[in-house]
Amino acid sequence: MTSPIDLLADLIAKARAAGADSADAVLVTGTSLSVSRRLGETEHVERAEGRDLGLRVFLGKQAAVVSSTTVDPSRFAVLAQRAVAMARVVPEDPHAGLADTAAPPRDIPLDLNDPTEPSAEALIARAAAAEDAARAVPGVTNSEGGDAGFGRTEAVLVTSAGFAGQWSRTSHFVSAAVLAGSGTDMQRDYDSHSTVHLADLDDPGAIGRSAGERAVRRLHPNRPKTAMLPVVYDPRVAGSLLGHFAGAINGAGVARGTSFLKDKLGQRIFAAGITVRDDPLRVRGLRSRIFDGEGTPTEQRDLIADGVLTTWLLDSRSARQLGLRSTGHAARGASGPPSPSPTNLYLAAGSITPTELMADIKLGLYVTELIGMGVNGVTGDYSRGAAGFLIRDGAIAEPVAEITIAGNLHDMFLHLTPANDLRFRRGTDSPTVRVEGMTMAGG
């Protein structure tokens, strides 16, 4: 049987024969099995398998991408000719081209493959355990269901410059979502967990109990009066702040001048002592990889070191626009060109517990849910719907809902303090964080 690397090498040879000066090709193969269970009954069992093939060609500074869900070597010549024909009619891009930073893949054991593929029966049992545990929590009155799944993804990248590499990763997940209360006073919440290896997955019953307890705690919320106060983000939502940060240092946006941090490289944007790290080489990491979508080697980087912004997230195109080198952050699928994206991104833990972080707050807000995407990437203005709990005299108090929290990310980053409860669960991870001086708009 022809290997995937040999298949892509043949496709690239066809592209060169059709007139391409250079080319690269990707093949992504995925298998997934998922189940949903609601109110004690299995609602669906779904298995999906797919292969996506992508070819990118360059004619000088003209580039085009074509993709196919059929991997048929007899059709490679036609696919290549279509790609070259498309490239001939698009405008030149002075920054287009294969990565200058590609290098042979290194042998770094990241342990990203779990050889155990669960059966549908095993997944149904996990989903049932999660939902049953959630529904057993006193106060839970309805369920949106328990879910469990498994997936395996394999990707191959070959370029005309001589790079050839492949990686594969497995994933396991379990989740539960339930409602508490009745009538017009109902509240919903959830919990979930995803891992590369089944051995690292939380007990489904613990996930379910957590979902149920979260929903019950949210019953009978108030709508507090508008105030300026400290806001504490639960770890489940604190990672969203890192998402806004990653978007602001994305090299494509910086090159366009559309980021509120575009002039801040080398400057302090977080408080002294704060570290934000991107670690693509974490063993069993949800987004780990030894090379990026262009073949550039990846490495651990402190994006923020002692509060100072040290780098942008760059693929080769954005790096050329900025006169820099790729940082190994190119991400891609089969149907489009690469673009910068973080891998295992996290805010390093602080030195105090969440309880100590809140101890001196007379009146504050503890946020457990965020709604909407009211963030202006050009100015840093931040306004999002929220729900959670008031903090009174250093302790979490009554639930609140139908509120908005607002500020500006410039100020929020500078006045952010992390607790010491960092756990790696989501790919973008943060401990509990406290942000000073935000506006809570309520009743």
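This structure is a prediction, so every number in the text was calculated from the model and none was measured.

## Observations regarding the nonpolar core
Of all hydrophobic cores here, the largest spans 44 residues; its most connected members are Tyr233, Leu241, Phe245, Leu365, Tyr382 and Ile405. The dominant element in this core, judged by the number of residues it contributes, is helix 5 (residues 235-248), at seven residues. Residues in contact with Phe245, not counting those within four places in the same chain, are Leu261, Ile269, Phe270, Val276, Leu303, Ile304, Leu309 and Phe413. Residues Leu11, Leu55, Ala64 and Leu79 belong to the second largest nonpolar core, which totals 24 residues.

## What about the pattern of salt bridges?
For the structure on display, the rule yields 20 salt bridges. Put simply, Glu369 and Arg218 hold a salt bridge, and the shortest N to O gap is 2.6 Å. Note that Glu369 is positioned in strand 14 (residues 363-371) and Arg218 in the loop between helix 4 (204-217) and strand 7 (227-233), a separation of 151 residues in sequence. Looking at Glu369, the relative accessible area reads 25%, which means it is partly exposed. A salt bridge links Glu436 to Arg434; the nearest nitrogen and oxygen atoms lie 2.5 Å apart. A relative accessible area of 10% places Arg434 in the buried class.

## With respect to the sheet that holds strand 5 (residues 164-182)
Taking strand neighbours across the sheet as the criterion, the six strands line up as 3-2-1-4-5-6 in an open arrangement whose pairing is antiparallel. Of all strands in the sheet, those with a lone pairing partner are strand 3 (62-68) and strand 6 (185-195), marking the two edges. This sheet shows a mean twist of 20° between the axes of neighbouring strands, independent of strand direction. The pairing of strand 2 (residues 41-59) with strand 3 spans seven bridges and is antiparallel. Paired with Arg56 across the two strands is Val65, which belongs to strand 3. Across the sheet, helix 2 (residues 76-89) touches strand 2 and strand 3, and the angle it forms with strand 3 is around 145°. Those strands touched by helix 4 are strand 4 (140-159), strand 5 and strand 6, and its axis lies near 150° from that of strand 6.

## Here we look at the packing of aromatic side chains
Under the criterion given, the structure shown has six aromatic pairs. A ring pair is formed by Phe163 and Phe291, whose centres lie 5.1 Å apart and whose planes are at 70°; its orientation type is edge-to-face. On the criterion of sequence distance, the pair formed by Phe163 in the loop between strand 4 and strand 5 and Phe291 in the loop between strand 8 (276-278) and strand 9 (301-305) is long-range, its members being 128 residues apart. Among the residues examined, Phe163 registers a relative accessible area of 5% and is labelled buried. In this structure Phe291 comes out as buried when scored by relative accessible area, which is 4%. Note on Phe260 and Phe413: the rings are 6.4 Å apart at their centroids and 35° apart in plane angle, and the pair reads as tilted.

## Here we look at the environment of Gly97
For Gly97, the location among the structural elements is in the loop between helix 2 and helix 3 (120-135). Under the relative-accessibility criterion, Gly97 is labelled buried at 14%. For Gly97 and Pro118, which are 21 residues apart along the polypeptide, the C-alpha to C-alpha distance reads 42 Å. With sequence-adjacent residues up to four places away left out, Gly97 is seen in contact with Arg56, Phe58, Ser316 and Arg320.

## Points about the sheet that holds strand 18 (residues 428-429)
Hydrogen bonding along the main chain pairs the strands of a sheet, whether they run parallel or antiparallel. Read across the open sheet, the five strands follow the order 10-9-8-13-18; overall the sheet is mixed. This sheet does not close on itself; its edge strands, each paired only once, are strand 10 (308-309) and strand 18. As defined by bridge partners, strand 13 (residues 345-347) adjoins strand 18 across two bridges and the pair is classed as parallel. Residue pairing across strands places Leu345 opposite Thr428, the latter belonging to strand 18. Contacting strand 8, strand 9, strand 10, strand 13 and strand 18, helix 5 crosses the sheet at an angle of about 120° to strand 13.

## Some words on unusual backbone geometry
Of note in this structure, His220 is not a glycine but carries a positive phi near 60°. Summarising the element assignment, His220 is placed in the loop between helix 4 and strand 7. The class for His220 is exposed, based on a relative accessible area of 57%. A positive phi is found at Asp393, a non-glycine position, where the angle reads about 50°. Tracing the chain through its elements places Asp393 in the loop between strand 15 (381-392) and strand 16 (395-408).

## Things to note about the side chain of Arg169
Mapped onto the elements, Arg169 comes out in strand 5. In this structure Arg169 is buried but unpaired, with Asp111 as the nearest side chain of opposite charge at 11 Å. Here Leu286 takes part through its backbone oxygen, which lies 3.3 Å from a polar atom of the side chain of Arg169. Apart from the residues lying within four places of it in its own chain, the contact partners of Arg169 are Leu112, Asn113, Gly151, Arg152, Thr153, Val196, Gly285, Leu286, Arg287, Ser288 and Arg289.

## Some words on helix 1 (residues 4-17)
The α-helix advances 3.6 residues per turn, and as a result positions three or four apart in sequence lie on the same side. Its 14 residues give helix 1 an end-to-end C-alpha distance of 20 Å, which sits within 8% of 20 Å, the value for a rise of 1.5 Å per residue. For helix 1, every residue scored as buried is listed here: Leu7, Leu8, Leu11, Ile12 and Ala15. Burial along helix 1 is one-sided: seen end-on, the buried residues are contained in an arc of 135°. Buried residues along helix 1 sit against strand 1 (22-38), strand 2, helix 2 and strand 4. Gly19 sits one or two residues past helix 1 and shows a positive phi near 120°.

How each quantity is defined
- Residues numbered from 1 in each chain as written.
- Predicted model: local features only at pLDDT ≥ 70, side-chain atom pairs only at ≥ 80, totals over all residues.
- Heavy atoms only, no water.
- Core = buried A, V, L, I, M, F, W, Y, C linked by side-chain atoms within 4.5 Å.
- Buried < 20%, exposed > 50% of the residue type's maximum accessible area, 1.4 Å probe, protein only.
- Helix = DSSP H or I, 4+ residues; strand = E, 2+ residues; numbered from the N terminus.
- Contact = heavy atoms within 4.5 Å.
- Salt bridge = Lys/Arg side-chain N within 4 Å of Asp/Glu carboxyl O.
- Pairing = 2+ DSSP bridges.
- Axes fitted to C-alpha atoms, helices over the stretch in contact; angles between N-to-C directions.
- Phe/Tyr/Trp six-rings, centres within 6.5 Å; stacked < 30°, edge-to-face > 60°.
- Lys, Arg positive; Asp, Glu negative; His and termini not counted.
- Polar contact = N/O pair within 3.5 Å; in protein donor to acceptor, adjacent residues only side chain to side chain.
- Expected span 1.5 Å × (residues − 1).
- Arc of directions from axis to C-beta.

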